[in-house]
Structure formats: structure tokens, C-alpha cells
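# Structural description and commentary
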Amino acid sequence: MQTQIKNWGNSQGVRLPKQILEAANMEVDEVIDIEVKEGKIILQKTFRHKTLEERAEVFGGELNLDGEYDWGEPVGREVW
């Protein structure tokens, strides 16, 4: 797939097709890292920790933070 480098104000920009973003698991407005290595421009996702809300989505929006957690039976010299 090919694209062109275009002027964008005082900078230059490249439009990435939707299929490329989907294949790279990236979204519009996502912050990414960019670097040049051996004459190649490399774009990659920035690592960031998930927010509490993003983590809660995995559990259907509920984290059950309002009570005690059963860690099971003692295994060592824990004092209960």
C-alpha cells in the first residue's frame, strides 16, 4: 500500500488508511511513539497503564472494591 507525504500547515503529514490502523491495533487520536532507525520511520504504540475504568470494563464494570477479599488458607507463617 502506498500513500503520499503532504503539507499540513508548517509541517508534513501522512494519512494512514483505516485498514492499516486496524491491523496495528491503533485508533484515531491515540498517542504513539515515533523514531527513525537506519533510515526508517517507526511508529509504535506508547505503553501506558490502564485506568481503573478500563480495568473495570474487563469485569463488566464491577471491581467489587467495597469489601474483604478471601485470599484462601494460610500457606506459610501468615497471621490471620
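See the structure printed just above.
The text that follows walks through the structure, step by step, so that each part is easy to find. (Residues numbered from 1 in each chain as written. Predicted model: local features only at pLDDT ≥ 70, side-chain atom pairs only at ≥ 80, totals over all residues. Heavy atoms only, no water.)

### A short note on the environment of E35
- Within the fold, E35 resides in strand β3 (residues 32–37).
- For E35, a relative accessible area of 32% translates into the label partly exposed.
- The contact partners of E35, leaving out residues within four places of it in the chain, are K40, I41, I42 and Q44. (Helix = DSSP H or I, 4+ residues; strand = E, 2+ residues; numbered from the N terminus. Buried < 20%, exposed > 50% of the residue type's maximum accessible area, 1.4 Å probe, protein only. Contact = heavy atoms within 4.5 Å.)

### Focus on the pattern of salt bridges
- Scanning all chains against the criterion turns up two salt bridges.
- Notably, a salt bridge pairs K45 with E30, separated by 3.3 Å at the nearest N-O pair. Residue K45 is located in strand β4 (residues 40–45), and its partner E30 is located in the loop between α1 (18–23) and β3; the two are separated by 15 residues in the primary sequence.
- Assessed through its relative accessible area of 37%, K45 is described here as partly exposed.
- With relative accessibility at 28%, the residue E30 sits in the partly exposed group.
- E54 is the partner of R48 in a salt bridge, and the nearest nitrogen-oxygen pair spans 2.6 Å.
- In this structure E54 comes out as partly exposed when scored by relative accessible area, which is 25%. (Salt bridge = Lys/Arg side-chain N within 4 Å of Asp/Glu carboxyl O.)

### Thoughts on a nonpolar patch on the surface
- A grouping of M1, I5, V14, L16, I20, I32, I34, V36, I41 and L43 is seen on the molecular surface, where their side chains present a nonpolar patch of about 1,000 Å² in accessible area.
- Taken together, the elements giving at least two residues each to the nonpolar patch come down to β3 and β4.
- Per-element tally for the nonpolar patch: the top contributor is β3, with three residues.
- Here L43 lies in strand β4. (Patch = residues over 30% accessible without salt bridge, like charges linked within 9 Å, V, L, I, M, F, W, Y side chains within 5 Å. Areas by Shrake-Rupley, 256 points an atom, 1.4 Å probe, with all protein chains shown as cover.)

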